[in-house]
Amino acid sequence: MSEQDNITSLVDYGTTWLPGSYSTLSDIVDVQFNAILWLSVFGTIGITLVTLYFCLKYKRTEKNQVAEKQIDHNLTVEVIWTVIPLIIVMVIFYWGFRDYLRLMVAPEDAMEIRVTGEKWRWYFEYPGTDKRPSDDLVVPVGQAVKLVMSSKDVLHSFFIPNFRVKRDVQPNRYSHLWFEATKIGTFQIFCTEYCGAQHSNMQAKLIVMSRNDFEEWKETGEDTETPLPILGKRLYKSKACNACHSIDGSRVIGPTWKNAYGTMRELESGDSVLIDDNYLRESIVYPANKIAKGYPNVMNSYAGLLSDREINALIEYIKTLKE
Amino acid sequence: MSSGTNYINATKGIKSWIFTVDHKRIGIMYLAFVLLAFFLGGMFAILLRLELLTPSALYLTAKQYNQAFTLHGAIMVFLFIVPSIPASLGNFFLPIQLGAIDVAFPKLNLASLWIYVIGAVFCFYSIIGGSVDTGWTFYTPYSSSTDTSVIPMIMGVFILGFSSILTGINFIVTVHKMRAPGLSWFKMPLFIWTLYSTAIIQVLATPVLAITVLLLMLERTIGIGIFDPALGGDPVLFQHFFWFYSHPAVYIMILPAMGVISEVVATFCKKKLFGYELMAYSSMAIAFISFLVWGHHLYVSGQSPYATMLFSLLTFLVGIPSGIKVFNWIATMYTGSIDLKSPFLYFLSFIFLFTIGGFTGVVLGSLSLDIHLHDTYFVVAHFHYVMMGGTVMAFLAGLHYWWPKMFGKMYSEVAARIAFIFVFVGFNMVFFIQFIMGSKGMPRRYYNYLPEFQPYHVVSTIGSWILAVGFFIILGYFIHSLMKGKQAPPNPWGSSAMEWKIASPPTTFNFDENLPYIDHGPYDYPKGNS
């Protein structure tokens with residue numbers, strides 16, 4: 001969790017009801033939310049008070065054994081309590097639709113970023129740059145950003161609570177979402193469409209930078225400095241290997257990495273194979289080739305998502321997990 | 001009453017129940033089964049809330065947690081809340097309120113019960129044999145690809161659908177053909193009107209669900225690509241099909257509850273129901289419009305913005321008749337003689353909770369707000385306020401109201417009031433905090449969650465224990481009532497409704513001599529001299 005500590009808390013900032021509002025459109029959503037909230041609070045209190053008042057006033061007593069009057073209907077009050085709510089909800093309808101269109105239609109000059117969701121991670125690609133797919137969504141502040149999103153397997157949904165935006169991510173079509181951040185910082189991204197065992201761990205970080213920092217970040221190439229095992233340890237989390245592989249010997253979705261290197265592994269096919277550098281590399285790039293016995297064939301290929309150095313780093317990290 | 005024979009002691013032996021065609025016995029058996037399902041679904045809820053006490057693993061694995069919330073949802077929706085009021089209280093009281101000796105097709109009624117049981121067996125098989133983990137909505141392509149037992153569960157749902165359709169057909173024909181002499185449409189109690197509206201939805205909407213799950217079954221078994229993109233299908237099509245049933249189904253769940261509430265408020269206020277005719281029409285209006293709002297479950301799924309706009313507009317319109325009903329119930333209390341017995345306490349809690357459910361429905365109906373709130377705990381809290389705060393409270397109101405008639409025994413009013421307090425406080429603790437959690441950004445169906453949300457979850461989980469205590473007290477005094485309860489008089493509440501004019505419990509043919517001639521309205525109470 002230490003890497004996530006710097007994410008802006010949803011609970012600590014903002015109002016009692018809403019998380020902090022840090023995009024150009026999140027404020028207009030909040031205005032409407034608060035308006036309906038207070039309407040609801042007064043409406044509920046009003047209805048409750050009238051009900052309780054009637055309970056006290058017309059409670060059955062010795063003297064009040066039968067109803068004082070029998071009233072079938074009263075056209076005036078019925079028209080009032082039909083028409084007034086109707087007007088109110090029509091106003092809310094129009095208000096919601098107007099803001100919805102603003103949330104849906106991205107400005108012409110928005111910067112496009114490709115978002116891919118798969119069980120159980122997100123990654124982000126920047127067209128027009130040499131940048132490798134990023135595990136964090138990095139965007140400049142004060143710039144409209146349009147996400148072009150798709151899924152590699154089941155349905156996912158992309159949700160940034162601080163920006164009040166959400167959109168389903170589907171395997172057979174591209175969906176879009178746009179925002180313009182107003183504050184530099186790190187924010188929470190959730191998957192909100194149920195997608196299986198590790199659904200609740202399918203999270204990512206949104207990092208909003210100043211324009212200069214962003215330009216610099218875009219130019220930074222591959223990490224060639226960090227020692228391989230340390231880089232591997234970082235990738236284990238950031239590439240969501242930890243969603244399926246434990247490092248403490250426990251069984252999650254796939255086989256544990258603890259004490260794995262150098263041992264023999266039984267395969268579904270009945271063969272067995274020595275876990276060496278070649279087997280590990282093959283399992284990362286072509287995971288379906290050799291399935292460990294008793295485990296489901298569910299891993300997606302990381303071909304193209306990891307550089308050679310990153311694959312080496314993961315292998316070196318796995319080697320350190322031998323006791 | 002102790003001397004006479006009644007529908008319970010008229011014939012003896014287990015066979016006389018299994019093969020009975022008496023609508024009352026069938027209603028009682030349905031009651032037992034739906035309460036059993038409620039107990040089972042509730043147990044899963046308690047397990048879920050316990051796991052959510054801490055932000056990471058407590059005692060379930062992620063997969064077990066996902067299976068538990070799927071089973072909680074599927075059991076509560078398909079085995080409990082859809083059949084709850086119509087099949088139990090409806091079966092028992094619809095013919096009596098119509099002045100009939102039974103429903104139109106008694107054998108079909110029995111078939112409907114046992115088809116329900118067969119469907120339930122499939123669902124239970126799914127629990128034991130590799131529990132399904134798709135969520136009760138079975139969204140594709142996850143449901144086309146998961147290795148858990150999807151097929152037994154949707155097979156169960158398919159079979160349960162027939163039970164629902166048969167009950168619906170039976171009620172429609174009974175209302176049309178079996179009304180007692182003199183009982184014109186606008187002399188029928190509102191409970192009948194709401195059951196009739198419900199039956200229409202059941203008959204028209206349920207086949208769509210049946211076909212949908214059948215298609216899903218074909219996709220999983222022989223790989224016909226309909227919903228799974230890997231096979232050339234479209235997952236959003238599944239969502240459209242699914243909600244085309246499941247949104248009207250929400251009204252299958254709430255309309256009968258509105259009927260019960262109408263009966264209870266009239267009896268315990270000794271008042272004519274305010275705006276009776278409009279209430280009858282609005283039930284039919286809700287049934288009709290409910291078919292046109294399914295798209296409000298798909299605001300973020302990628303349907304066209306124009307469709308989305310229309311669904312939002314229609315969603316707001318369907319809210320209006322429900323709002324009018326709330327005003328009418330409260331207006332009925334005006335100048336009444338209000339008896340604050342336990343059924344009426346449940347009426348009051350229904351009004352309060354359903355109002356909150358309704359207002360938060362307005363929040364969710366707004367397009368821009370739903371974008372933020374969709375698939376968060378705000379939605380979870382909203383539908384629990386409507387379904388549990390609405391339907392379950394009304395079911396409890398109806399159960400306490402009609403208990404003396406169904407079993408001929410009274411229950412302890414003191415115990416009932418104590419249980420009511422537990423249920424009311426517990427319910428609000430569990431679910432009110434979930435509104436705040438949700439609008440703060442907490443997604444639903446999360447096994448692990450950000451540690452900062454823990455305080456909210458702790459309140460919610462403690463509430464679930466208080467709620468459970470309330471339900472166990474209810475179970476306790478109802479069992480006590482059956483064993484040792486005081487004999488109930490025919491009309492303990494002083495109601496003017498038809499069912500209170502016959503014996504408690506009723507005889508097998510309800511009306512001993514001739515069928516009644518009904519020449520007055522349903523809520524025929526006197527007024528004072530003042």
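What you see is a predicted model, and the numbers here were worked out from it, not measured in a lab.

Caption draft 1: Here's a closer look at the overall build of chain A. Within chain A, the regular secondary structure consists of six helices and eleven strands. For chain A, whose C-alpha radius of gyration is 28 Å, the value lies well above the compact-globule estimate of 20 Å for 323 residues. Taking the principal axes of the C-alpha coordinates as reference, chain A spans close to 90 × 50 × 35 Å. Here chain A, with 323 residues, has 50% of them falling under the buried criterion. Approximately 15500 Å² of chain A is accessible, and the part contributed by carbon and sulfur atoms is 55%. Positive and negative side-chain charges in chain A, numbering 35 and 40 respectively, have mean positions lying 5 Å apart.

Caption draft 2: View of the overall build of chain B. Check the secondary structure of chain B and you find 16 helices and zero strands. Over its C-alpha atoms chain B spans a radius of gyration of 23 Å, differing by no more than 12% from the 24 Å that the globule rule assigns to 530 residues. Its C-alpha atoms give chain B principal-axis dimensions of roughly 65 × 50 × 45 Å. The proportion of buried residues among the 530 residues of chain B is 67%.

Caption draft 3: Inspection of the nonpolar core at higher detail. Core analysis: the biggest nonpolar cluster contains 262 residues, and Leu-137 and Phe-158 of chain A together with Trp-329 and Met-406 of chain B have the highest contact counts within it. Counting 25 residues, the second largest nonpolar core, distinct from the first, contains Leu-267, Tyr-279, Tyr-302 and Tyr-317 of chain A.

Caption draft 4: A look at the packing of helix H5 (residues 106-128) of chain B against helix H7 (residues 150-177) of chain B. All names here are of chain B. Two elements in contact, H5 and H7, have axes separated by 8 Å at closest approach and are oriented at 165 degrees. Relative to H7, the element H5 lies roughly antiparallel. The element H5 and its partner H7 pack so that their crossing is left-handed. Between H5 and H7, the residues in contact are Leu-108, Asn-109, Ser-112, Ile-115, Tyr-116, Ile-118, Gly-119, Ala-120, Phe-122, Cys-123, Tyr-125 and Ser-126 and Pro-152, Met-153, Met-155, Gly-156, Ile-159, Leu-160, Phe-162, Ser-163, Leu-166, Thr-167 and Asn-170, respectively.

Caption draft 5: Spotlight on a nonpolar patch on the surface. Residues and elements named next belong to chain B. Taken together, the side chains of Phe-39, Met-43, Phe-472, Leu-475, Ile-479, Leu-482 and Met-483 present a nonpolar region at the surface, about 670 Å² in accessible area. Taken together, the elements giving at least two residues each to the nonpolar patch come down to helix H2 (23-51) and helix H16 (454-484). Here the nonpolar patch takes five residues from H16, the largest share from any one element. Along the chain, Phe-472 turns up in helix H16. Residue classification places Phe-472 among the partly exposed residues on the basis of a relative accessible area of 44%.

Caption draft 6: Focus on the sheet that holds strand E1 (residues 111-118) of chain A. Residue and element names in this part refer to chain A. Reading across from one edge, E2-E1-E4-E7 is the order of the four strands in this open sheet, with mixed pairing throughout. Edge positions in the sheet fall to strand E2 (121-125) and strand E7 (175-180), since each has one partner strand and no second. Averaged over all pairs of adjacent strands, the angle between strand axes in this sheet comes to 25 degrees, irrespective of strand direction. Relative to strand E4 (residues 144-151), E1 is paired through seven bridges, and the arrangement is parallel. What sits directly across from Val-115, in E4, is Met-149.

Caption draft 7: Inspection of empty space enclosed by the protein at higher detail. Inspection of every chain in the model, using the stated rule, returns five cavities of 30 Å³ or more. Put simply, the largest cavity is a space of about 650 Å³. Forming the walls of the largest cavity are 35 residues, and the residues nearest its centre are His-245, Pro-255, Ser-283, Pro-287 and Met-299 of chain A. Elements supplying a minimum of two residues to the lining of the largest cavity: helix H5 (277-285) and helix H6 (308-320) of chain A. A per-element tally of the lining of the largest cavity places H5 of chain A first, with four residues. In the lining of the largest cavity, the residues fall into 25 nonpolar, six polar and four charged. In this structure, the second largest cavity occupies an estimated 140 Å³ of space. Taken together, the elements giving at least two residues each to the lining of the second largest cavity come down to H7 and helix H8 (190-222) of chain B. Per element, the largest residue contribution to the lining of the second largest cavity is six residues, and it comes from H7 of chain B. Along the lines of polarity and charge, the residues of the lining of the second largest cavity split into ten nonpolar, six polar and no charged.

Caption draft 8: Examining the interface of chain A and chain B more closely. Contact with chain A, which involves 84 residues of that partner, is made by 96 residues of chain B. Carbon and sulfur atoms supply 66% of the area that chain A and chain B bury against each other, a total of about 7800 Å² over both sides. For the pair chain A and chain B, the interface holds two salt bridges. Between Arg-173 of chain A and Asp-234 of chain B there is a salt bridge; the shortest N-O distance is 2.8 Å. At the junction of chain A and chain B, the tally comes to 41 residue pairs in polar contact (both at pLDDT 80 or more). When contributions to the side of chain A that touches chain B are tallied by element, the ones reaching two or more residues are helix H1 (26-57), helix H2 (75-104), strand E6 (165-169) and strand E8 (185-191) of chain A. In terms of residues, the side of chain A that touches chain B owes the most to one element, H2 of chain A, which gives 15 residues. Each residue belonging to the side of chain A that touches chain B can be placed in one class, and the counts come to 42 nonpolar, 27 polar and 15 charged.

Caption draft 9: Inspection of unusual backbone geometry at higher detail. Along the chain, Lys-119 of chain A connects to Trp-120 of chain A via a cis peptide bond; the corresponding omega equals -5 degrees. Note that Trp-120 of chain A resides in the loop between E1 and E2. Cis geometry is found at the peptide bond from Ser-504 of chain B to Pro-505 of chain B, where omega equals -10 degrees. Relative to the assigned elements, Pro-505 of chain B resides in the segment after H16. Non-glycine residue Lys-270 of chain B carries a positive phi angle of around 50 degrees. Looking at the secondary structure, you find Lys-270 of chain B in the loop between helix H9 (235-269) and helix H10 (276-289). With relative accessibility at 16%, the residue Lys-270 of chain B sits in the buried group. The phi dihedral of Arg-445 of chain B is positive, around 60 degrees, even though this residue is not glycine. Within the secondary structure, Arg-445 of chain B sits in the loop between helix H15 (413-439) and H16. Judged by its relative accessible area of 14%, Arg-445 of chain B falls in the buried class.

Caption draft 10: Focus on the pairing of strand E3 (residues 137-140) of chain A. Residues and elements named next belong to chain A. Residue alternation in E3 divides its side chains into two sets, Leu-137 and Val-139 and Val-138 and Pro-140, and both sets are buried. Pairing of E3 with strand E9 (residues 204-209), which is carried by four bridges, proceeds in the parallel orientation. Bridge assignment links Val-138 to a residue of E9, and that residue is Ile-207.

Caption draft 11: Representation of the sheet that holds E9 of chain A within the structure. Residue and element names in this part refer to chain A. Spatial ordering of the open sheet is given by E3-E9-E8-E5-E6, a layout of five strands whose pairing is mixed. The open sheet has two free edges, formed respectively by E3 and E6, since each of these has just one partner strand. Adjacent strand axes in the sheet meet at a mean angle of 25 degrees when their direction is disregarded. As paired elements, strand E5 (residues 156-160) and E6 share five bridges and run antiparallel to each other. For Ile-160, the partnering residue across the bridge sits in E6 and is Val-165. Packing of helix H3 (residues 211-219) onto the sheet brings it into contact with E3 and E9, and relative to E3 it is tilted by some 135 degrees.

Caption draft 12: Representation of helix H4 (residues 228-238) of chain A. Residue and element names in this part refer to chain A. Of the residues making up H4, those classed as buried are Leu-231, Gly-232, Leu-235 and Tyr-236. Buried residues of H4, seen end-on, are gathered within an arc of 150 degrees and therefore sit on one face of the element. Residues of H4 that are buried in the fold lie against H6. Immediately downstream of H4, the backbone of Ala-240 shows phi near 65 degrees, a positive value.

Rules used throughout
Residues numbered from 1 in each chain as written. Chains lettered and ligands numbered in written order. Predicted model: local features only at pLDDT ≥ 70, side-chain atom pairs only at ≥ 80, totals over all residues. Heavy atoms only, no water. Helix = DSSP H or I, 4+ residues; strand = E, 2+ residues; numbered from the N terminus. Rg over C-alpha atoms; globule rule 2.2 N^0.38 Å. Buried < 20%, exposed > 50% of the residue type's maximum accessible area, 1.4 Å probe, protein only. Areas by Shrake-Rupley, 256 points an atom, 1.4 Å probe, with all protein chains shown as cover. Lys, Arg positive; Asp, Glu negative; His and termini not counted. Charge placed at Lys NZ, Arg CZ, Asp CG, Glu CD. Core = buried A, V, L, I, M, F, W, Y, C linked by side-chain atoms within 4.5 Å. Axes fitted to C-alpha atoms, helices over the stretch in contact; angles between N-to-C directions. Parallel < 35°, antiparallel > 145°, perpendicular 65-115°, else oblique. Left-handed = near helix turned anticlockwise from the far one by under 90°. Contact = heavy atoms within 4.5 Å. Patch = residues over 30% accessible without salt bridge, like charges linked within 9 Å, V, L, I, M, F, W, Y side chains within 5 Å. Salt bridge = Lys/Arg side-chain N within 4 Å of Asp/Glu carboxyl O. Pairing = 2+ DSSP bridges. 1 Å grid on protein atoms, 1.4 Å probe; cavity = no way out; pocket = protein on both sides within 12 Å on 5 of 7 lines; lining within 4 Å. Points joined across faces, edges and corners; volume = space filled by probe spheres on them. Nonpolar A, V, L, I, M, F, W, Y, C, P; charged D, E, K, R; others polar. Buried area = accessible area lost by both parts, 1.4 Å probe. Polar contact = N/O pair within 3.5 Å; in protein donor to acceptor, adjacent residues only side chain to side chain. Arc of directions from axis to C-beta.

Keep in mind these numbers describe shape, not what the thing actually does.
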